[in-house]
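Each chain, written out:
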Amino acid sequence: MFVTSAYAQTAPAAPETPAAPGAAPAAEPHAAPAGEVHTETGVAHDTEHSGAFPPLDSSHFASQLLWLVITFGLFYLLMKNVIVPRVGGIIEDRHDRIAKDLEEAGRAKAEADAAVETYEKELAAARAKSHGIAEAAREAAKTKAAADRSAIEAELAAKLSAAETRIGEIKDKAFAEVGQIAEETASAIVDLMIGGKASGDDIKAAVAAAKTGA
Amino acid sequence: MANDPIHQFQISKIVPIEIGGIDLSFTNASLFMTATVACAAGFLYFASSARSLIPGRAQSVAEMSYQFIANMLREGAGSHGMKFFPLVFSLFMFVLTANLLGMFPYFFTVTSQIIVTFALALLVVGTVIVYGFYKHGLGFLQLFVPSGVPGALLPLVVVIEVISFLSRPISLSVRLFANMLAGHITLKVFAGFVSSLGALGALGIGGAILPLAMTVALTGLEFLVAFLQAYVFAVLTCMYLNDAVHPGGH
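Residues numbered from 1 in each chain as written. Chains lettered and ligands numbered in written order. Predicted model: local features only at pLDDT ≥ 70, side-chain atom pairs only at ≥ 80, totals over all residues. Heavy atoms only, no water.

In the nomenclature of an unreviewed UniProt entry, chain B is known as ATP synthase subunit a of Rhizobium soli. The Sequence similarities (unreviewed entry) comment attached to chain B in UniProt states, word for word, "Belongs to the ATPase A chain family." Per its UniProt entry, chain B bears the Function (unreviewed entry) comment "Key component of the proton channel; it plays a direct role in the translocation of protons across the membrane." (UniProt positions renumbered as here; feature names shortened; annotations may be inferred.)

Caption draft 1: Representation of the overall build of chain B. Helix and strand content of chain B: seven helices and four strands. Seen in sequence order, chain B has helices and strands lined up from the N terminus as β-β-β-β-α-α-α-α-α-α-α. Counting all 250 residues of chain B, 45% fall into the buried class. Contacts spanning at least 24 positions in sequence make up 67% of the contacts within chain B whose residues lie at least 6 apart. A total of about 11,800 Å² of accessible surface is found on chain B, and carbon and sulfur atoms cover 74% of it. (Helix = DSSP H or I, 4+ residues; strand = E, 2+ residues; numbered from the N terminus. Buried < 20%, exposed > 50% of the residue type's maximum accessible area, 1.4 Å probe, protein only. Contact = heavy atoms within 4.5 Å. Areas by Shrake-Rupley, 256 points an atom, 1.4 Å probe, with all protein chains shown as cover.)

Caption draft 2: Looking closely at helix 2 (residues 57–77) of chain B. In a regular helix each residue adds 1.5 Å, so 21 residues correspond to 30 Å; helix 2 of chain B covers 30 Å between its end C-alpha atoms and thus fits that length. Turning to helix 2 of chain B, its buried residues number three or more, namely Gln59(B), Ala62(B), Glu63(B), Ser65(B), Tyr66(B), Ile69(B), Ala70(B), Met72(B), Leu73(B) and Ala77(B). Tucked inside the fold, the buried residues of helix 2 of chain B contact helix 3 (61–193) of chain A together with helix 1 (28–47), helix 3 (85–101) and helix 7 (209–245) of chain B. Taken from the residues just after helix 2 of chain B, Gly78(B) is the one with a positive phi, measuring 75 degrees. (Expected span 1.5 Å × (residues − 1).)

Caption draft 3: Up close: the packing of aromatic side chains. Scanning the entire structure with this criterion turns up 21 aromatic pairs over all chains. Their ring planes at 35 degrees and their centres at 6.2 Å tell us that Phe68(B) and Phe227(B) sit as a pair that is tilted. Of this pair, Phe68(B) sits in helix 2 while Phe227(B) sits in helix 7; the two residues are 159 residues apart in sequence, bridging distant segments of the chain. Taking the relative accessible area as the measure of exposure, Phe68(B) reaches 30% and is therefore partly exposed. Joined through ring pairs, the aromatic side chains of Phe32(B), Phe104(B), Phe107(B) and Phe108(B) make up one cluster. Of note, Arg86(A) hangs over the ring of Tyr45(B), and the distance from its end group to the ring centre comes to 4.3 Å. (Phe/Tyr/Trp six-rings, centres within 6.5 Å; stacked < 30°, edge-to-face > 60°. Lys NZ or Arg CZ within 6 Å of the ring centre and 35° of its normal.)

Caption draft 4: How the structure looks around the interface of chain B and chain A. Listed per partner, the contact involves 55 residues of chain B and 40 residues of chain A. For the pair chain B and chain A, the two sides together bury roughly 4,500 Å², of which 73% comes from carbon and sulfur. Counting across the chain B and chain A interface gives nine residue pairs in polar contact (both at pLDDT 80 or more). Contributing elements (two or more residues each) for the side of chain B that touches chain A: strand 3 (22–23), strand 4 (26–27), helix 1, helix 2, helix 3, helix 4 (114–136) and helix 5 (154–198) of chain B. Examining the composition of the side of chain B that touches chain A, we find that nine residues originate from one element, helix 1 of chain B, more than from any other. Split by residue class, the side of chain B that touches chain A holds 35 nonpolar, 15 polar and five charged. (Buried area = accessible area lost by both parts, 1.4 Å probe. Polar contact = N/O pair within 3.5 Å; in protein donor to acceptor, adjacent residues only side chain to side chain. Nonpolar A, V, L, I, M, F, W, Y, C, P; charged D, E, K, R; others polar.)

Caption draft 5: The arrangement of the nonpolar core in detail. Phe75(A), Phe89(B) and Leu120(B) are the most contacted members of the largest nonpolar core, which totals 65 residues. Those elements that place two or more of their residues in this core are helix 3 of chain A together with helix 1, helix 2, helix 3, helix 4, helix 5 and helix 7 of chain B. Tallying contributions element by element places helix 3 of chain B first for this core, with 11 residues. Excluding anything up to four places from it in sequence, Phe89(B) contacts Met79(A), Ile83(A), Val84(A), Leu44(B), Ser65(B), Tyr66(B) and Ile69(B). Core analysis: the second largest hydrophobic core is formed by seven residues, Phe9(B), Ile114(B), Phe177(B) and Ile185(B) among them. (Core = buried A, V, L, I, M, F, W, Y, C linked by side-chain atoms within 4.5 Å.)

Caption draft 6: Molecular detail of the pattern of salt bridges. Residue and element names in this part refer to chain B. Enumeration according to the criterion identifies 10 salt bridges over all chains in this entry. Taking the shortest distance from any N to any O, the salt bridge between Lys-13 and Asp-23 comes out at 3.5 Å. Of this pair, Lys-13 sits in strand 1 (residues 13–15) while Asp-23 sits in strand 3, placing them 10 residues apart in sequence. Overall, Asp-23 belongs to the buried group, its relative accessible area being 14%. In this structure, Arg-168 and Asp-243 form a salt bridge, with 2.8 Å as the shortest nitrogen-oxygen distance. With Arg-168 in helix 5 and Asp-243 in helix 7, this residue pair connects regions lying 75 residues apart in the sequence. Classification of Arg-168 as buried rests on a relative accessible area of 16%. (Salt bridge = Lys/Arg side-chain N within 4 Å of Asp/Glu carboxyl O.)

Caption draft 7: Quick peek at unusual backbone geometry. All names here are of chain B. Not every positive phi belongs to a glycine, and Arg-51 is a case in point at roughly 50 degrees. Of note in the backbone geometry, Tyr-106 takes a positive phi value of approximately 70 degrees without being a glycine. Of the residues examined, Tyr-106 reaches a relative accessible area of 86% and is grouped as exposed.

Caption draft 8: Summary view of the UniProt feature "transmembrane region" (unreviewed entry) in chain B. Residue and element names in this part refer to chain B. On the UniProt side, "transmembrane region" (unreviewed entry) is annotated at positions that read residues 29–47, 84–108, 114–134, 141–165, 185–211 and 223–242 here. The span residues 84–108 shows a helical share of 68% and a strand share of 0%, and its end C-alpha atoms are spaced 29 Å apart. Annotation note: span residues 114–134, helix share 100%, strand share 0%, distance between end C-alpha atoms 29 Å.

Caption draft 9: Local environment of a nonpolar patch on the surface. All names here are of chain B. Taken together, Phe-68, Leu-221, Leu-224, Phe-227, Leu-228 and Tyr-231 make up a surface patch of nonpolar side chains, about 500 Å² in accessible area. The dominant element in the nonpolar patch, judged by the number of residues it contributes, is helix 7, at five residues. Looking at Leu-228, the relative accessible area reads 38%, which means it is partly exposed. (Patch = residues over 30% accessible without salt bridge, like charges linked within 9 Å, V, L, I, M, F, W, Y side chains within 5 Å.)

The structure is reproduced here in structure tokens:
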């Protein structure tokens, strides 16, 4: 298909070219310099299929195949033995390195977690201990305060009771003295008013009666 | 001559060699095969020579190509197919570099020669056949007998399978060859319009703008095709190799 269209384009133009009588249909239609046409057709004349569409020209197949085998074969060997192991190795190394780093990071994280846990445990213990100390101090202070208070209260109570007994004594004494004074007063009054002497017992009885009656 | 779109595919001898009546000359095609190999291998060699843990740009490209093909092959042919990695990687890099080198003006496009692409395709299919029989013996022929086909249809299906298998090297080679050939011809034709219209004077220069824009757009498209065809070649190679590794896997 390509061949025929190439022929169709170039074939009518071929007679126009001044050089190369019986030139190949592939010869240049666009008024190219004669020298160039010569080299062009000269190359083409070397081969049996001079007019073939170049990419399909079988006269070059052997040469192309040979050089393809040589170049591609070399390329394949170079890829297989040098480039692929090398690039693969680089990628592998990176994967290993990343995996190792991740592992390391995981380990460091676990360590950090453990450290945090220890810290929190210690903190809790310290807190509990300080709480205990405070509690004990509070307790001690409380008991001491209670003891002090009870001691003071006891002392006060003792003082109070002593004062009370003393008051009672004074009261009794005063009462006793009141009786005596009353008796003396009564006998004096009786003396003055009656002019007689009342017996001490009568006066005493009378005073006692008045006292209880009062 | 400058405007002939076919001229770029012309093979010219650089060092004429003839052995036993067979022309084995070192031609411009041979030169560009050598250049392709030198570029691809040189790039990969120097890109990976630093072996740095954190890759530079070149090393990144080399690693990306490696992993691109490795993933393609693993998906296409499974982990058993990974033994073909050097082959697929070489094919991909060779075709890609040859296609891209062909994009330079005045450079010869190695992959625009049917014999080159056909040889590469035969290499793939030959590898499939040789490895398939070596690994599975006659069990490799299971490839042509899909399971779950009714008995009456089986002969027909087997014939179709055989034909499709035999057409693989042709389709694989013609696809790459025709894409490169057609693309380069189109590019050359449109570029030729620019110069011939430009020679017609002011009106012609105005008219040449359209083919110039087309040439620019086609150049972009051709770069895409250059990569895409290398990719397609590699993907199909992976699929065909899958048949060699798992012939019953249909």
